[in-house]
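An overview of the molecular structure
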Amino acid sequence: MDLNNIFTFIVVATLLVVSPGPNGFLIAKTVPLSGHRAGLANIAGFVGAFYVHGTLSIFGISILLVQSANAFFVFKMLGAAYLIWIGIKALRNALSQSSAETNVVVEHPKKPISLKNAFYEGFLTNTLNPKVSVFYLAAFPQFMSVDGSALSAYSLVTAHSLVNVVWFSAMVFTLTKVKSATQHPKFKVWLNSITGVVFIGFGTKLALAKSS
């Protein structure tokens, strides 16, 4: 595979990873509430989803989604519904934490999310992430080699995954270092509120977006 093509792909993939989106907000929500191990489980879920997207693109299923308006609409609405659902969950947590602060009775802290659930949450978030879906539907095939080699195509998916691991691992450990600040109840209320609004915003924008 052409080295210039690989370099260009890595640059594009890096810009995609570091741009604000559902994955970053999920990490920002998970680590303060459940710790760095749950954040790393989120990342493992992201990586698994990249290979799902890559496989769909490599074997042409994504072409069917592009050509079938009904199939793409269903996929888009599933993604929108999931993002909105995460947003609603975050807002509910913010409201429950806020009301607990105003009560005299001390409530037990919420149980951290399990590693398995953190993985699934990361996997579903990235599988239904609109910007990743569009990337693998439209842009990724442009970087695949002309000989159609699945091995070379999966090497691009692996490169994308490695960029993702580096960026979000740095984010996880940065949040872990400031854990004392992020453990403050008011910060958790603020974080859940912002996360909820952002995820609902992403989901609404995806649901209302017109397919080209």
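Quantities reported herein were computed from a predicted structural model and do not represent experimental measurements. (Residues numbered from 1 in each chain as written. Predicted model: local features only at pLDDT ≥ 70, side-chain atom pairs only at ≥ 80, totals over all residues. Heavy atoms only, no water.)

1. Observations regarding the overall build of the protein
- Summing up its helical and strand segments, the protein has 10 helices and zero strands in all.
- Ordering the α and β elements of the protein from the N terminus gives α-α-α-α-α-α-α-α-α-α.
- The buried share of the protein, taken over its 212 residues, is 40%.
- A separation threshold of at least 6 residues defines the contact pool for the protein, and within that pool the share at least 24 residues apart is 87%. (Helix = DSSP H or I, 4+ residues; strand = E, 2+ residues; numbered from the N terminus. Buried < 20%, exposed > 50% of the residue type's maximum accessible area, 1.4 Å probe, protein only. Contact = heavy atoms within 4.5 Å.)

2. A closer look at the environment of Leu 208
- Mapped onto the secondary structure, Leu 208 falls in helix H10 (residues 185–208).
- Take Leu 208: its relative accessible area is 68%, and that puts it in the exposed class.
- Separated by 128 residues in the primary sequence, Leu 208 and Ala 80 have C-alpha atoms spaced 9.1 Å apart.

3. Remarks on the nonpolar core
- Counting residues in hydrophobic clusters, the biggest one holds 14 residues, and the most contacted among them are Phe 9, Phe 50, Phe 135, Tyr 136, Phe 140, Leu 156 and Val 157.
- Sorting the residues of this core by element identifies helix H1 (3–18), helix H3 (36–58), helix H7 (130–143) and helix H8 (150–177) as the ones contributing at least two each.
- The dominant element in this core, judged by the number of residues it contributes, is H7, at five residues.
- Membership of the second largest hydrophobic core comes to 10 residues, among which are Val 17, Val 163, Val 172 and Leu 175. (Core = buried A, V, L, I, M, F, W, Y, C linked by side-chain atoms within 4.5 Å.)

4. Section: the environment of Lys 131
- With respect to the secondary-structure elements, Lys 131 resides in helix H7.
- In this structure the C-alpha to C-alpha distance between Lys 131 and Ser 19, which are 112 residues apart in sequence, comes to 9.8 Å.
- In contact with Lys 131, not counting residues within four places along its chain, are Leu 16, Val 17, Ser 19, Pro 20 and Gly 21.

5. Side note on the packing of H1 against H7
- Across the interface, H1 lies against H7 with an axial gap of 12 Å and an inter-helix angle of 170°. The angle between the axes of H1 and H7 places the two elements in the roughly antiparallel class. Of the residues in H7, those touching H1 at Asn 5, Thr 8, Phe 9, Val 12, Leu 16 and Val 17 are Lys 131, Phe 135, Phe 140 and Phe 143.
- Here the residues of the contact of H1 with H7 sort into seven nonpolar, two polar and one charged. (Axes fitted to C-alpha atoms, helices over the stretch in contact; angles between N-to-C directions. Parallel < 35°, antiparallel > 145°, perpendicular 65-115°, else oblique. Nonpolar A, V, L, I, M, F, W, Y, C, P; charged D, E, K, R; others polar.)

6. Comments concerning H3
- The end-to-end C-alpha separation of H3 is 33 Å, in line with the 33 Å expected for 23 residues at 1.5 Å each.
- Positive phi appears at Gly 60, one or two residues downstream of H3, with a value of about 85°. (Expected span 1.5 Å × (residues − 1).)

7. What to know about the packing of H3 against helix H6 (residues 115–127)
- Two elements in contact, H3 and H6, have axes whose closest approach is 7 Å; the angle formed by their N-to-C orientations is 40°. The angle between H3 and H6 falls in the class oblique. Our pair here, H3 against H6, has a crossing hand that is right-handed. Listed contacts from H6 to Arg 37, Ala 38, Ala 41, Asn 42, Ala 44, Gly 45, Phe 46, Gly 48, Ala 49, Phe 50, Val 52 and His 53 of H3 are Leu 115, Ala 118, Phe 119, Glu 121, Gly 122, Phe 123, Asn 126 and Thr 127.
- Taken together, the residues of the contact of H3 with H6 break down into 11 nonpolar, seven polar and two charged. (Left-handed = near helix turned anticlockwise from the far one by under 90°.)

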